[in-house]
Amino acid sequence: MHALEGAFWSRLKANRLAYSVTIAATLAVGILIGTIVSASVKGKENAKSGDATPLTIPAPQQLSNAFSQISKQLEPTVVNINTESTVKNPHRNLRRAPGNDDNTNPDGSPFDDFFDRFFGGQGGQGGADPGPIRQRSLGSGVVVDSKGYILTNRHVVEKADRVRVHLMDDPAGVQHDAKVIGLDQETDLAVIKIDLDHALPVAKLGNSDSVQVGDWVLAIGSPFGLSETVTAGIISAKGRNIVPGRQFQNFIQTDAAINPGNSGGPLVNMNGEIIGINTAIYTETSSYAGVGFAMPSNTIAQVYNQLIGPEHKVTRGSIGVQFSAQPSQAVSRVYGEGVAISDVVAGSPAEQAGLKVGDTITAVDGKKVSNGDELVAEIASRKPGSKTKLGYMRNGKGSDTTVTIADRSKLFAARLGDDDDNNEDAQAKESKLGVTVKSVTPELAERMDVPAGKGVIVQEVKPGSFAEDVSVNRGDIILEVNKQPVNSEDDFHRLEASLKSGQDVVFLVKPRGRGSSTVLPGNTLP
């Protein structure tokens, strides 16, 4: 065996050159075959992809460009508003709805304004009273006059001890003191002003009647303090009345993201025009839930023009009638199309013009009205003292009459028993509970469905007072204090004089406009 192996290696060494050539030739042939096969496969792949279309980058979309252009145009006009106020009893700001026996849902409604839910509104239950605290709040606004006039929400600046504004171009930490020009509770709008030595960029107002459901809109403001924040969405609905029984609050609904700090900022259309002021959101989490509300620009213009006037307040007309806010089809079939009158205020323009319960108002100065909102809008826009022609139906027959428009606030005050001649006396008798009261007249007792000679009506509630803290409001009727009957002003003042700091005080109250139900608001007197 060993001999054979030796002979093999001897022959291999002898023919080493021939062996090397053979190996090299074999490798060359293998490489050549591999190259040919690879080229063939690559050629087949090219043949398969020859009809593919190359990818291309499209030109910038006009929609995206429109958003950025509007943002650049509007951002310099949107301001950050910071307020400071003193809260005397923070644990008493929690509002409770009547009739909620187990008190598991103290809010009573998911429609909460930004101030209470988002801007440091203190609420809370139980625990010791920490005493007065300094509260800081945050909101937005928009410049509508180069002289420094700014539109925002009333609840952003109301009751603030100090209001300051930060502009987009201001360095960090720079703020300008602002003064409140006017407030309107009905629409939750306010006008404030800052004084500078130069003109400010101004946002342009649009016509909210021209917007349609589905239109693109942008919301601009300072959510969570993040200034110059822009969110996009569409108009989700128009004419939303989110607070039952409240007039002048028909909102634009949008799904543009609105969060704490956006309140008072503008909602703008694709022309860069303000078509609303962001005011509220529908939420159960205190944050964006896809449903926001803005006060329409057409309402804004009417309110703003009066707030910057000499009296700095909004005056609205009224004729003194009541009607069902949401009448059924049965009412329309029985009383006819229009606004069926359910009550006429004694001594009001409507009574003087001959209107009666059961009449159906069909037109104002020839313009058809089909529901209460349209009637209120037409009448409220007219100046007190002006005359208006009303068309109405009575027992199936059409007729018309002329009414003299009254001042809504004065007509309302008269219904509460206010008397201009007695205002000075009323102020002198303001109670330490923070309310001014007056005996209930027989007419008002009948209207409010309370026994004659029982209770006193609340004429005024002092801001920050005990009464305000426990949710006693103007127009409420106080029937008892700590289970003691209150049948006159003297009864009320005698009982309140006996109250001492640290004592529990509970009212029995019949709230204005809440049917026949009564509530028991109370707390410990500071």
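Just so it is clear, the model here is predicted, and its values are computed rather than measured.

Chemist: Explain the overall build of the protein chain residue by residue, including any values.
Modeler: Counting secondary structure elements, the protein chain contains 14 helices and 28 strands. Counting only contacts in the protein chain whose residues sit at least 6 apart along the sequence, the fraction spanning at least 24 positions is 62%. When the accessible area of the protein chain is evaluated, it comes to approximately 28,300 Å², of which 52% is carbon and sulfur surface.

Chemist: Can you explain the pairing of strand β17 (residues 339-344)? Please cite residues and give values.
Modeler: Judged by how many residues are buried, β17 sits mostly within the fold: five of six residues are covered. Direction of pairing for strand β16 (residues 321-323) relative to β17: antiparallel, over a ladder of three bridges. Pairing of Q322 across the sheet is with D343, part of β17. Direction of pairing for β17 relative to strand β18 (residues 360-364): antiparallel, over a ladder of two bridges. Across the sheet, V339 pairs through a bridge with I361, a residue of β18.

Chemist: Go over the side chain of S465, please, and point to the residues and values.
Modeler: Within the fold, S465 resides in the loop between β24 (456-461) and α13 (466-469). A polar atom in the side chain of S465 sits 2.6 Å from the backbone oxygen of K462. Filtering out sequence-adjacent residues up to four positions away, S465 remains in contact with L433 and G434.

Chemist: Lay out empty space enclosed by the protein with the relevant residues and their values.
Modeler: Applying the stated rule across the entire model yields one cavity of 30 Å³ or more. Looking at the largest cavity, its volume works out to about 50 Å³. Around the largest cavity sit E75, V78, V79, N80, H166, I220, S222, S227 and E228, which together line it. For the lining of the largest cavity, the element with the highest residue contribution is strand β1 (residues 78-87), accounting for three residues. Of the residues that constitute the lining of the largest cavity, the class distribution is three nonpolar, four polar and two charged.

Chemist: Now, about the pairing of strand β5 (residues 162-166): what can you tell me, with residues and values included?
Modeler: Counting buried positions over the five residues of β5 gives four, a clear majority of the element. Two strands pair when backbone bridges link them, and β5 and strand β6 (residues 176-184) are joined in this way by three bridges, in the antiparallel orientation. Looking at β6, one finds that R164 is bridged to D177.

Chemist: Describe the pattern of salt bridges, listing the residues and the values that go with them.
Modeler: Applying the stated criterion across every chain yields a total of 15 salt bridges. Across the pair K193 and D195 runs a salt bridge, and its minimum N-O distance is 2.4 Å. Overall, K193 belongs to the buried group, its relative accessible area being 12%. Look at the salt bridges and you will find they share partners, linking D365, K367, E378 and R382 into a network.

Chemist: Mind laying out helix α9 (residues 372-380), listing which residues take part and the relevant values?
Modeler: Burial in α9 covers these residues: G372, L375, V376, E378, I379 and A380. Looking at the buried side of α9, the elements it contacts are β15 (317-318), β16, β17, β18, β19 (367-368) and β20 (387-394). The N-terminus of α9 is capped by N371, whose side-chain oxygen sits 3.2 Å from the backbone nitrogen of D373.

Chemist: Which residues make up unusual backbone geometry, and what values do they have?
Modeler: Although it is not a glycine, D365 sits at a positive phi angle of roughly 50 degrees. Relative to the helices and strands, D365 resides in the loop between β18 and β19. Residues other than glycine seldom take positive phi values, yet K483 does so here, at roughly 70 degrees. Along the chain, K483 falls in the loop between β25 (477-481) and β26 (484-485).

Chemist: Help me get a handle on the confidence of the model for the protein chain, residues and values and all.
Modeler: When pLDDT is averaged along the protein chain, the result is 79, and 74% of the positions lie at 70 or above. Of all the helices and strands in the protein chain, helix α4 (residues 114-118) carries the lowest mean pLDDT, 38, while strand β7 (residues 189-194) carries the highest, 96. Low pLDDT, under 50, characterises residues 90-128; the stretch is placed with 94 contacts to residues that sit more than four places away or in other chains. Contacts for the low-pLDDT stretch residues 418-430, under 50 throughout, to residues beyond four places or in other chains number 11 contacts.

Chemist: Can you lay out the packing of aromatic side chains for me, pointing to particular residues and giving the numbers?
Modeler: On inspection of all chains with the given rule, the structure shows three aromatic pairs. Between F251 and F293, the aromatic rings sit 6.3 Å apart at their centres with planes inclined by 65 degrees, giving edge-to-face as the arrangement. Of the two residues, F251 is situated in strand β11 (residues 250-254) and F293 in strand β14 (residues 292-296); the sequence distance between them amounts to 42 residues. Taking the relative accessible area as the measure of exposure, F251 reaches 2% and is therefore buried.

Chemist: Which residues make up the layout of surface pockets, and what are the values?
Modeler: Volume-wise, the second largest pocket comes out at about 1,100 Å³. Contributions of two or more residues to the lining of the second largest pocket are made by β10 (229-241), β11, β14, α6 (297-307), β19 and α9. Sort the elements by how many residues they give to the lining of the second largest pocket and α9 lands first, with six residues.

Chemist: How would you summarise helix α14 (residues 489-497) if you had to cite specific residues and measurements?
Modeler: Every buried residue of α14 is listed here: D491, F492, H493, L495 and E496. Contacts made by the buried residues of α14 are with β23 (435-439), β24, β25, β26 and β27 (504-510).

About the cut-offs
- Residues numbered from 1 in each chain as written.
- Predicted model: local features only at pLDDT ≥ 70, side-chain atom pairs only at ≥ 80, totals over all residues.
- Heavy atoms only, no water.
- Helix = DSSP H or I, 4+ residues; strand = E, 2+ residues; numbered from the N terminus.
- Contact = heavy atoms within 4.5 Å.
- Areas by Shrake-Rupley, 256 points an atom, 1.4 Å probe, with all protein chains shown as cover.
- Buried < 20%, exposed > 50% of the residue type's maximum accessible area, 1.4 Å probe, protein only.
- Pairing = 2+ DSSP bridges.
- Polar contact = N/O pair within 3.5 Å; in protein donor to acceptor, adjacent residues only side chain to side chain.
- 1 Å grid on protein atoms, 1.4 Å probe; cavity = no way out; pocket = protein on both sides within 12 Å on 5 of 7 lines; lining within 4 Å.
- Points joined across faces, edges and corners; volume = space filled by probe spheres on them.
- Nonpolar A, V, L, I, M, F, W, Y, C, P; charged D, E, K, R; others polar.
- Salt bridge = Lys/Arg side-chain N within 4 Å of Asp/Glu carboxyl O.
- pLDDT = per-residue confidence, 0-100.
- Phe/Tyr/Trp six-rings, centres within 6.5 Å; stacked < 30°, edge-to-face > 60°.

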